[in-house]
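Fold and contact review
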Amino acid sequence: MKNIVIGQIHWKGCAYPVRKIDTERQTFRVSVESLMDELINDMRNGIYEAMEACEEIDGFCTEEELRTLSDSELYRMYC
């Protein structure tokens, strides 16, 4: 397994971990469920930017999964 590179996405002043998964055809982004919860809550409250931010993420998982699963495992599970 290659070294796992975890970046960050910022939402409302908080940094959330995110991973890019490169396939031969395109790149997917997977972040953590806590970000998904925040974005869903903000969409319910009419914050349009939350919908735009959510569209940039292709899947959500637990923090442990983000840190430990391979790119192919994450892709199969969440993208």
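Residues numbered from 1 in each chain as written. Predicted model: local features only at pLDDT ≥ 70, side-chain atom pairs only at ≥ 80, totals over all residues. Heavy atoms only, no water.

**Some thoughts on unusual backbone geometry**
- The phi angle at Lys-12 is positive, at roughly 50°, despite the residue not being glycine.
- With respect to the helices, strands and loops of the structure, Lys-12 is situated in the loop between strand 1 (7-11) and strand 2 (14-22). (Helix = DSSP H or I, 4+ residues; strand = E, 2+ residues; numbered from the N terminus.)

**Thoughts on the packing of helix 1 (residues 33-44) against helix 2 (residues 48-55)**
- Running from N to C, helix 1 and helix 2 point in directions that differ by 145°, and their axes come no closer than 7 Å. When you trace helix 1 past helix 2, the crossing you get is left-handed. Only Ala-50, Met-51, Ala-53 and Cys-54 of helix 2 make contact with helix 1, whose side of the interface consists of Leu-39, Asp-42 and Met-43.
- Looking at the contact of helix 1 with helix 2 residue by residue, the classes come out as 6 nonpolar, no polar and 1 charged. (Axes fitted to C-alpha atoms, helices over the stretch in contact; angles between N-to-C directions. Left-handed = near helix turned anticlockwise from the far one by under 90°. Contact = heavy atoms within 4.5 Å. Nonpolar A, V, L, I, M, F, W, Y, C, P; charged D, E, K, R; others polar.)

**Looking at helix 1**
- The terminal C-alpha atoms of helix 1 lie 16 Å apart, and with 12 residues this matches the ideal 16 Å at 1.5 Å per residue to within 8%.
- The complete set of buried residues in helix 1 reads Leu-35, Leu-39 and Asp-42. Along the axis of helix 1, the buried positions cluster into a sector of 65°, meaning they face one direction only.
- Looking at the buried side of helix 1, the elements it contacts are strand 1, strand 2, strand 3 (27-32), helix 2 and strand 4 (59-61).
- Immediately downstream of helix 1, the backbone of Gly-46 shows phi near 80°, a positive value. (Expected span 1.5 Å × (residues − 1). Buried < 20%, exposed > 50% of the residue type's maximum accessible area, 1.4 Å probe, protein only. Arc of directions from axis to C-beta.)

**Topic: the sheet that holds strand 2**
- With respect to topology, 4 strands assemble into an open sheet ordered 1-2-3-4, the strand pairing being mixed. Two strands in the sheet have a free side with no partner beyond their single neighbour: strand 1 and strand 4. This sheet shows a mean twist of 40° between the axes of neighbouring strands, independent of strand direction.
- On top of the sheet, helix 1 reaches strand 1, strand 2, strand 3 and strand 4; it is set at about 85° to strand 3, its chief contact.
- In this fold helix 4 (residues 71-78) packs onto strand 2, strand 3 and strand 4, with an angle of close to 100° to the strand it touches most, strand 2. (Pairing = 2+ DSSP bridges.)

**So, the nonpolar core**
- Core analysis: the biggest nonpolar cluster contains 19 residues, and Trp-11, Leu-35, Leu-39 and Leu-74 have the highest contact counts within it.
- Setting aside residues up to four positions removed in sequence, Leu-74 forms contacts with Arg-19, Ile-21, Val-30, Cys-61, Glu-65, Leu-66, Leu-69 and Cys-79. (Core = buried A, V, L, I, M, F, W, Y, C linked by side-chain atoms within 4.5 Å.)

**Focus: the confidence of the model for the protein chain**
- In the predicted model, the protein chain carries a mean pLDDT of 93, and the fraction of residues at 70 or more is 97%.
- No element of the protein chain has a lower mean pLDDT than helix 4, at 89, and none a higher one than helix 1, at 97. (pLDDT = per-residue confidence, 0-100.)

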